[in-house]
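Chain by chain, the residues:
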Amino acid sequence: MARVLLTEDDEAVRSFVKRALELDGHSVKAVEDGGEAVEVLTREKGEFDLLLSDIKMPVMDGIALALHTARDWPDMPILLMTGFADQRERANGLDELVRDVVTKPFSLADIRRAVRNALSGTAHEETRYYA
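Draft legend 1. Quick look at the pairing of strand β5 (residues 100–103). Both faces of β5 are covered, namely the face carrying D100 and V102 and the face carrying V101 and T103. Judged from the 4 bridges that link them, strand β4 (residues 78–82) and β5 form a sheet pairing that is parallel. Its bridge partner lying in β5, M81 is registered against V102.

Rendered as structure tokens:
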């Protein structure tokens, strides 16, 4: 399956999402913030099939990480997640770079479906994921 770089500062959410994606057979590298994600991307030469990142994080947020990733690895699909309406608004201008923004809280099925859609290249949907 896919190799996913998961960037999430909340340990509980990071563990939940990692386990959810591993149920589908994905290999998931999980890191705590955008700065660490850039280090991993650089060290591994962008060899990931998907970047899944929270928007609001310390050091480097998901928006800055998405911009950096799209610049250096333009073919890598990006999926963002957030629990804050104002952060979702910040992501609106990134429609060309980001496949979707998943709203927290979400269920196991929701995040698995969002990742499946992002990996398959399904067009940005109007569907929003709510638990």
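Draft legend 2. Up close: the pairing of strand β1 (residues 3–7). For β1, the buried fraction is high: 4 of the 5 residues fall into the buried class. Of the pairings in the sheet, the one linking β1 to strand β2 (residues 27–31) comprises 5 bridges and is parallel in character. Within β2, the residue paired with T7 across the bridge is V31. With helix α1 (residues 11–23) bridging β1 and its parallel neighbour β2, the resulting β-α-β unit is right-handed. Taken together, the 4 bridges between β1 and strand β3 (residues 50–54) define a ladder with parallel strand orientation. Pairing of L6 across the sheet is with L52, part of β3.

Draft legend 3. Structural view of the pattern of salt bridges. Applying the stated criterion across every chain yields a total of 8 salt bridges. Between D24 and R112 there is a salt bridge whose closest N-O contact spans 2.4 Å. With D24 in the loop between α1 and β2 and R112 in helix α5 (residues 108–120), the pair connects residues that are 88 residues apart, well separated along the chain. One salt bridge in this structure joins D54 and K104, with 3.2 Å as the shortest N-O distance.

Draft legend 4. Spotlight on the nonpolar core. Of all hydrophobic cores here, the largest spans 20 residues; its most connected members are L5, L41, I78, L80 and V98. Elements with a contribution of two residues or more to this core: α2 (34–43), α3 (62–72) and β4. In this structure, A20, V102, F106 and I111 belong to the second largest nonpolar core, which totals 17 residues.

Draft legend 5. Local environment of the packing of aromatic side chains. Summed over the entire model, instances satisfying the criterion amount to 1 aromatic pair. Aromatic side chains F16 and F106 sit 6.3 Å apart centroid to centroid with 35 degrees between the ring planes, which places their arrangement in the tilted category. Placement of the pair is F16 in helix α1 and F106 in the loop between β5 and α5, with a sequence separation of 90 residues. What makes F16 partly exposed here is its relative accessible area of 27%.

About the criteria used
Residues numbered from 1 in each chain as written. Predicted model: local features only at pLDDT ≥ 70, side-chain atom pairs only at ≥ 80, totals over all residues. Heavy atoms only, no water. Buried < 20%, exposed > 50% of the residue type's maximum accessible area, 1.4 Å probe, protein only. Helix = DSSP H or I, 4+ residues; strand = E, 2+ residues; numbered from the N terminus. Pairing = 2+ DSSP bridges. Right-handed = clockwise from strand over helix to strand, strands pointing away. Salt bridge = Lys/Arg side-chain N within 4 Å of Asp/Glu carboxyl O. Core = buried A, V, L, I, M, F, W, Y, C linked by side-chain atoms within 4.5 Å. Phe/Tyr/Trp six-rings, centres within 6.5 Å; stacked < 30°, edge-to-face > 60°.

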